[in-house]
Amino acid sequence: MTTVRISDDALARACGADALAQAFAVAGCTVERVSSWGMHWLEPLVEVDGLGFGPATAADVPGILAGLSDKAIGRIGEHRFLARQQRLTFARAGRTRPLSLGDYAATHGWEGLARARAIGPQAIIAEVIASGLRGRGGAGFPAGIKLRTVAEAQAPRKFVVCNADEGDSGTFADRMLMEGDPFALIEGMAIAAHAVGAEAGYVYVRSEYPHAVAKMRAACTLAAPRIAPLHIEVRVGAGAYVCGEETSLLNSLEGKRGEVRAKPPLPALAGLFGCPTVVNNVLTLAALPHILSEGGAAHYAGLGHGRSRGTMPIQLAGNIRHGGLFEVPFGITLDELVNTIGGGTASGRAVKAVQVGGPLGAYIPPSRFDLPFDYEAYAAADALIGHGGVVVFDERVDMARMARFAMEFCAAESCGKCTPCRIGSTRGVELLDRIATGAAPDALAALPQMRNAPRGLRGRADDIALLEELCETMQYGSLCALGGFTPFPVLSALRHWPQDFG
Amino acid sequence: MDDSARLAEIIAAHAGEEGALLPILHDVRAAFGCIARAAQADIAQALNLSRAEVHGVIGFYHDFTETPDPRPLVELCRAEACQARGVEALVAAAERAAGARVRIGKVWCLGLCSVGPNARIGDDVHARLDEARLVALVAGA
Ligand SMILES: Cc1cc2nc3c(=O)[nH]c(=O)nc-3n(C[C@H](O)[C@H](O)[C@H](O)COP(=O)(O)O)c2cc1C
Ligand code: SF4
Ligand code: FES
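Rules and cut-offs
- Residues numbered from 1 in each chain as written.
- Chains lettered and ligands numbered in written order.
- Predicted model: local features only at pLDDT ≥ 70, side-chain atom pairs only at ≥ 80, totals over all residues.
- Heavy atoms only, no water.
- Core = buried A, V, L, I, M, F, W, Y, C linked by side-chain atoms within 4.5 Å.
- Buried < 20%, exposed > 50% of the residue type's maximum accessible area, 1.4 Å probe, protein only.
- Helix = DSSP H or I, 4+ residues; strand = E, 2+ residues; numbered from the N terminus.
- Contact = heavy atoms within 4.5 Å.
- Pairing = 2+ DSSP bridges.
- Domains from an automatic or database assignment.
- Patch = residues over 30% accessible without salt bridge, like charges linked within 9 Å, V, L, I, M, F, W, Y side chains within 5 Å.
- Areas by Shrake-Rupley, 256 points an atom, 1.4 Å probe, with all protein chains shown as cover.
- Salt bridge = Lys/Arg side-chain N within 4 Å of Asp/Glu carboxyl O.
- Near = heavy atom within 4 Å.
- Polar contact = N/O pair within 3.5 Å; in protein donor to acceptor, adjacent residues only side chain to side chain.
- Nonpolar A, V, L, I, M, F, W, Y, C, P; charged D, E, K, R; others polar.
- Buried area = accessible area lost by both parts, 1.4 Å probe.
- Right-handed = clockwise from strand over helix to strand, strands pointing away.

1. Quick word on the nonpolar core
All names here are of chain A. Core analysis: the biggest nonpolar cluster contains 165 residues, and Met178, Leu185, Ile186 and Val203 have the highest contact counts within it. With eleven residues, the single largest contributor to this core is helix H10 (residues 182-196). Setting aside anything within four residues of it in sequence, one finds Leu185 in contact with Cys162, Leu177, Met178, Val203, Met216, Val282, Leu285 and Ala286. Among the nonpolar cores identified, the runner-up in size contains 36 residues, and Ile76, Phe326, Ile341 and Val392 belong to it.

2. Notes on the pairing of strand E13 (residues 324-329) of chain A
Residues and elements named next belong to chain A. Counting buried positions along E13 gives six out of six residues, so the element sits mostly inside the fold. As paired elements, strand E12 (residues 311-318) and E13 share six bridges and run antiparallel to each other. Paired with Thr311 across the strands is Pro329, a residue of E13. Following E12, the chain reverses through five residues before pairing antiparallel with E13.

3. Considerations on the domain arrangement of chain A
For interface size, the figure often reported is the accessible area lost on association. Its domain assignment divides chain A into domain 1 (3-83), domain 2 (101-301), domain 3 (304-394) and domain 4 (399-501). A C-alpha centroid distance of 48 Å is found between domain 1 of chain A and domain 4 of chain A.

4. What to know about a nonpolar patch on the surface
Residue and element names in this part refer to chain A. A contiguous nonpolar patch, built from Leu99, Leu101 and Leu222 and spanning about 200 Å² of accessible area, is present on the exposed surface. Checked against the element boundaries, Leu99 lands in the loop between helix H4 (80-83) and helix H5 (101-106). Note on Leu99: relative accessible area 33%, which makes it partly exposed.

5. Some remarks on the site of ligand 1
Residue and element names in this part refer to chain A. If you check the shell around ligand 1, you find 19 residues, and the closest are Gly137, Asn163, Asn280, Asn281 and Thr284. In the model, an oxygen atom of ligand 1 is placed 3.4 Å from a nitrogen or oxygen of the Gly167 main chain. Residue Asn281 places a side-chain N or O atom 2.8 Å away from an oxygen atom belonging to ligand 1. For the shell around ligand 1, the elements supplying multiple residues, two or more each, are strand E9 (277-281) and helix H22 (481-485). For the shell around ligand 1, a count of residues per class yields four nonpolar, nine polar and six charged.

6. Some details on the interface of chain B and chain A
Counting residues at the interface gives 37 residues for chain B and 66 residues for chain A. Buried surface at the junction of chain B and chain A, both sides included, amounts to about 3,700 Å², of which 56% is carbon and sulfur. When the buried area of chain B at its contact with chain A is split by residue, Phe60, Glu80 and Trp108 of chain B rank highest and sum to 20% of it. Between the two partners, chain B and chain A, sit three salt bridges. With a closest N to O distance of 2.9 Å, Arg157 of chain A and Glu18 of chain B form a salt bridge. The tally of links from chain B across to chain A stands at 27 residue pairs in polar contact (both at pLDDT 80 or more). Elements represented by at least two residues in the side of chain B that touches chain A include exactly helix H2 (21-32), helix H4 (51-60), helix H5 (80-84) and strand E4 (124-126) of chain B.

7. Topic: helix H23 (residues 487-496) of chain A
All names here are of chain A. For H23, the tally of buried residues reaches eight of ten residues, placing the bulk of the element in the interior. Restricting attention to buried positions, one finds in H23 the residues Pro487, Phe488, Pro489, Val490, Leu491, Ser492, Ala493 and Leu494. Structurally, H23 contributes buried residues whose contacts are with strand E14 (351-356), strand E15 (363-364), helix H18 (399-413), helix H21 (460-477) and H22.

8. A closer look at the pairing of strand E8 (residues 231-236) of chain A
Residue and element names in this part refer to chain A. Sheet topology places strand E7 (residues 200-205) next to E8; six bridges connect them, and they run parallel. When the bridges of E8 are listed, Gly201 appears paired with Ile232. Once you follow E7 into helix H11 (residues 210-227) and on to E8, the crossover reads as right-handed.

9. Remarks on the pattern of salt bridges
Residues and elements named next belong to chain A. According to the stated counting rule, one finds 38 salt bridges over all chains in the structure shown. Measuring nitrogen to oxygen at the nearest pair gives 3.2 Å for the salt bridge that ties Glu179 to Arg175. With Glu179 and Arg175 both in helix H9 (residues 173-180) and four residues apart, the pair spans about one turn of that helix. Assessed through its relative accessible area of 2%, Glu179 is described here as buried.

Okay, here's the thing in structure tokens:
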């Protein structure tokens, strides 16, 4: 009997994988549901004896079984998209059944944890520091230093919290890891917990990811004996983007409004329920099993660019021909990512802009596509790599509209704690509307109580100056990066595409 | 089982849990479609919170509401990557197809950003939508 492998990841299912699996079952095949290879334009992708076919529908079943389908892509493992990658965090993608403990153990699963337990907390922390691993949630803080801070804190209770809120548009690596290799995240959390002396862990997953929630819950139950005495619980968010910010997330876990907390105190010293807490992104924690394997830290530190060590699971999204998950050492350029690997736009039109790092990330024009993927290089270019999402737009995009969307998003998602973000974002939307429609007398500015507002008509140049001033206020006057970084997309759009603004 | 017994059962299931409010609110929403004022009072009592605190939490999160909306819900992703793949051009047709019978909601990202435009109905996700497929989804919702 023929065995076919089809992913059960949410993306494959959204593209019709369940109906396809059913059709193969009806045709008498054994269907194994595996994780996704991350070649999204080919989903649902069918694997038969190492050969791939995609994107497949039920109509392709007879052809695939006869070996003469026009959906054939050859040996999956040798595909160009995969050959250029170096998968460490996603080493199992496409290769294992997500909830199979047997598959996990057969692919070096639990080896990092076993070695971590053998070498002990101090040596674990030394290896994580030596690996150069930095937080993959956006801020890029050294993971080993955070572990050390929590380990050295004296407290009766400590926690490990996994930030799986993944709210950035254009990102899906956390989701793919939780759905495709949940034990890797659990193993990473167990290593972190062992390093700091925590007995409880939480995974905070956004409510937009019901499949990831189900997989993680099932995996936690299956892995419970492996990680004892550590107990991990999965908690679900409630549709607030700001709850990805670590202190807002902790408030949400405590059952409160997801308002951002002022720092200090650092969560590492006073986090969940006031106890020392490790808060790390899914990808940060899932990198730990490899780093703790024999020689893993040195291997990780040997890859990368500048102070950005190791690999980054980059997510190619938006209007791109070959979208998906692309894990490579830091240093790769946007030109290579978008034009060579991604194959340009899906629409076949010219690329106009790329937004890297989610809704708070800058828009980058093709003239800057030589930028190497690296935390410092992006910061120097007034941009950020964030969680590694790359969203491509073709020539039809109106950058003033995207700038307006950035302000609108900030207004909708602001936690409300500070004024520049809560009110500034709404003023930003109004200003961008004025710029788009041309100067009309401003009804608000004409009110008698608006004593400082200039009287006469405001022109485009005045409105743009005001927008820049507003962005500066948000940038320097906001408590967290929601208000503080929203100026990145707005100002980058204005700087590189001024012709789109009025 | 009547509603108040069901609510009591939900609250009891989370007894002793730390930070139980959000898990309780999720379960109540799943059972009743919303978190009504009366339920808020019971939850507040059980968790030793003020009603204002519970109300404040419900008001903060997009997922929670105080009043039910019995219409089927189709949530369309309107975030950047789906905009780049043309979702905005589909909105008018979806709303026409929805009429008063279906609610077209807005979400920001479903994590399927390479295959948009995308929509969610309950726990089912749908990708690569064009106008015809989206209208069919709305009609079948
Ligand atoms: C508005 C906002 C949203 C954020 N969303 C996320 C998120 O979805 N996932 C995440 O891991 N970090 C997010 N962060 C970053 C976290 O605050 C924090 O830096 C991170 O969880 C630390 O883990 P790391 O060191 O492993 O990156 C967000 C920050 C801000 C300001
Ligand atoms: S910047 Fe916005 S989201 Fe961040 S703390 Fe201030 S109001 Fe809240
Ligand atoms: S932006 Fe629509 S799914 Fe991510």
